[in-house]
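# A closer look at the structure
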Amino acid sequence: MAKPKGTTAERVTVVGAGYVGLVTAASLADLGHQVISMDIDSERIGRLQDGDIPIFEPGLAELVEKNRPRLTFTDDPTVAYADSEFIYICVDTPPTHSGDADLSRVWNVVDNLPPQDGERILVIKSTVPVGTGAVIRNELNRRGYEHIHYSSNPEFLREGTALQDFMRPDRIVVGADDPTVARKVASLYDAIETELVLTNVASAEMIKYASNAFLATKISFINEIANVCEATGADVTTVAHGMGLDPRIGPHFLQAGIGYGGSCFPKDVSALKQLAGNSGYHFQLLTAVIEVNELQKRRVIGKIKEALGEDLHDRRIALLGLAFKPNTDDIREASAIVLAGRLLAEGARVVAYDPVAIPNTRAVLPAVEYADSALQALEGAEACVLVTEWPEFIHLDWERAADLMQKPLVVDGRNALDPDTLRRLGFRYEGVGRKP
Ligand code: UGA
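Sequence order sets the numbering: in each chain, residues are counted from 1 along the sequence as written. The predicted origin of the model limits local features to residues at a pLDDT of at least 70 and limits the giving and counting of side-chain atom pairs to 80 or more, whereas totals for whole chains, interfaces and linings rest on all residues. Based on all heavy atoms of the structure, the side-chain values leave hydrogens and waters out of the count.

## Here's the deal with the site of the ligand
Selection criterion: Being near a molecule or strand, for a residue, comes down to having at least one heavy atom within 4 Å of it. Under this definition, polar contacts are N or O atom pairs within 3.5 Å; protein pairs additionally need one hydrogen-donor-capable and one acceptor-capable atom, and for neighbouring residues in sequence, both atoms have to be side-chain atoms. Where accessible areas are quoted, they stem from the Shrake-Rupley method and a 1.4 Å probe; at the residue level, only the protein chains shown are allowed to cover. Counting from the N terminus, the helices are the DSSP runs of H or I reaching at least four residues and the strands are the DSSP runs of E reaching at least two. When residues are sorted by character, Ala, Val, Leu, Ile, Met, Phe, Trp, Tyr, Cys and Pro go into the nonpolar class, Asp, Glu, Lys and Arg into the charged class, and all the rest, Gly among them, into the polar class.
Taken together, 19 residues lie near the ligand, and Leu157, Glu159, Lys208, Asn212 and Cys264 sit nearest. Contacts to the ligand include Leu254, whose backbone N or O atom sits 3.4 Å from an oxygen atom. Taking Gln255, its main chain carries an N or O atom lying 2.9 Å from an oxygen atom of the ligand. Within the complex, 92% of the 710 Å² of free accessible area of the ligand lies under protein. Among the elements of the structure, α9 (201-232) and α11 (265-278) are those that each provide at least two residues to the shell around the ligand. Ranked by residue count, the leading element in the shell around the ligand is α9, at three residues. Its residues assigned to classes, the shell around the ligand shows nine nonpolar, three polar and seven charged.

Right, dumping it as structure tokens:
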């Protein structure tokens, strides 16, 4: 999408060439801005300069290539900060052991900002606890960095659809305590038609956490409904459809399964719970959301045992999918990791296949056997768990799969397969909250 004529192309530095940083840098360049992507990881920057994109995100490599004239990469802060009015912070804020967000990388950027040489706007996209902006503002003032303005511009990108989420967002949220700064940041997105929420920094920070926590709550809620459906003969897919027709509920994020994963929901829900606790408020609901999600991953083992008996020792179990969701190679907090670990602990032989996430998983789970294809993973297996709903699993030759497996048992952790078809092919099919 090119910037409409008449609007100025701004100079932007995006610090952090990870997932959010790269998508932000490439998309801002595509909007017509002049962008420098900066990362302290020189190897990563070298790869990017050579056109090698270190993450899997559909369309990103093409977008980077298309915007080469407006998008450069550097590991040198002097080059990165030389000329830009906007400095985006897109670094990781991983969880600490206590569930707080680790802000060390954010502070690292703040500590290395350019000295007084003109006005700049610091735009933080990294997810940070509510109140962080105020702390950073105070610290900047204490250091005499009044020339650096501060703004919170949370991202709502989903892995796998990040580029379209950036260009066609449901809303753009910009928080700044000075409305002129908020409007300046918002003007970078002039070419995007959407609802604009201009607010203060604390509210912008909270919108991000509250949104992710609410979505995670929806998932844990429908998962609990699914568990009750299993006990009562109702079918959660029909129940979710019936519920979702009420516009106050809506049809999205009501897919029951084996729990949410990824780099955002688990981290942000814990961080919000922790933030509330630190402020003296016990967020009861989020404690349950987290617990339900953990238990949900483990229920699969119960289903396998119900079919194969208690002893899983030496039983060959196939996992289809390792990524926390399709269209990504991200295995952070993926249900597959917990599941594989539990099965291995029970003595099972776990064989897994994923179209893109095997290299990442191999590094954390070397005891798993990795197959070259879904059918190869199923060969001789006594049970198959569909963990990630990649289209190639949905369209698999399940007739052939039935022949290859030692026992045709499918535990569909995402309710992505058609139970009737599988049963017709001779499978025992177990979904999540679906009629037996
Ligand atoms: C999530 C949010 O959806 C984004 O809006 C947000 O910007 C992002 O976190 C972030 O904070 O950076 P993402 O983690 O990429 O995005 O993935 P989602 O598509 O939201 O899925 C998260 C998990 O929930 C997956 O494991 C998925 O399988 C699971 N899920 C999702 C369900 O179990 N049921 C559903 O109905 C929907």
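## Observations regarding the pattern of salt bridges
Note the following rule: Any carboxyl oxygen of Asp or Glu that lies within 4 Å of a side-chain nitrogen of Lys or Arg is treated as forming a salt bridge with it. Accessibility here uses a 1.4 Å probe with only protein chains present; expressed as a share of the type maximum, an area under 20% marks a residue as buried, one over 50% as exposed, and anything in between as partly exposed.
Per the counting criterion, the structure on display carries 27 salt bridges. One salt bridge in this structure joins Glu382 and Lys407, with 3.0 Å as the shortest N-O distance. Of this pair, Glu382 sits in the loop between α15 (374-378) and β12 (383-386) while Lys407 sits in the loop between α17 (398-404) and β13 (409-412), placing them 25 residues apart in sequence. By relative accessible area, which is 7% here, Glu382 ends up buried. The partly exposed category is assigned to Lys407, whose relative accessible area is 34%. One salt-bridge network, in which partners are shared between bridges, spans Asp111, Glu139, Arg142 and Arg143.

## Some words on the packing of aromatic side chains
Stated formally: Ring pairs shown here join Phe, Tyr and Trp side chains whose ring centres sit within 6.5 Å, with only the six-membered ring taken for Trp; geometry is labelled stacked below 30 degrees between planes, edge-to-face above 60, and tilted in between. Only when the NZ atom of a Lys or the CZ atom of an Arg is both within 6 Å of the ring centre and within 35 degrees of the ring normal do we say a charge sits over the ring.
Within the structure shown, the criterion is met by six aromatic pairs. Ring centres of Tyr353 and Phe393 lie 6.1 Å apart, and the angle between their planes is 70 degrees; this geometry places the pair in the edge-to-face category. Of this pair, Tyr353 sits in strand β10 (residues 349-353) while Phe393 sits in helix α16 (residues 391-394), placing them 40 residues apart in sequence. When its relative accessible area of 9% is taken as the criterion, Tyr353 is described as buried. Phe393 sits in the buried class, given a relative accessible area of 0%. Ring-pair connections join several aromatic residues into one group, and the members of that group are Phe253, Tyr260 and Phe265. Sitting above the plane of the Phe156 ring, Arg171 keeps its charged end 3.6 Å from the centroid.

## What to know about the environment of Trp107
Filter applied, for reference: Residues count as neighbours in contact if any of their non-hydrogen atoms are within 4.5 Å of one another.
Take Trp107: it is sitting in helix α5 (residues 104-111). Residue classification places Trp107 among the partly exposed positions, given a relative accessible area of 22%. Separated by 221 residues in sequence, Trp107 and Thr328 place their C-alpha atoms 29 Å apart. Not counting residues up to four positions away in its chain, the partners in contact with Trp107 are Val135, Ile136, Glu139 and Arg143.

## What to know about the pairing of β12
For clarity, the cut-off: Two strands are said to pair when DSSP picks up at least two bridges between them.
Residues of β12 alternate between two faces, with Ala383 and Val385 on one and Cys384 and Leu386 on the opposite face, all of them buried. Sheet analysis places strand β9 (residues 316-320) next to β12, joined by four bridges and oriented parallel. Within the sheet, the bridge partner assigned to Ala318 lies in β12 and is Cys384.

## Re the sheet that holds strand β11 (residues 369-370)
To keep things clear, this is the line we draw: Every angle, taken between N-to-C directions, lies between 0 and 180 degrees, and every axis is a line fitted to C-alpha atoms, over only the stretch in contact when it is a helix.
Taken in spatial order, the six strands line up as β11-β10-β9-β12-β13-β14 in an open sheet, and their pairing is parallel. The open sheet has two edge strands with one neighbour each: β11 and β14 (428-430). Judged from the two bridges that link them, β10 and β11 form a sheet pairing that is parallel. Across the sheet, the residue bridging to Val351 is Glu369, located in β11. Its contacts with the sheet place helix α12 (residues 284-308) against β9, β12, β13 and β14, and it is angled at close to 160 degrees to β13.

These figures capture arrangement, not role.
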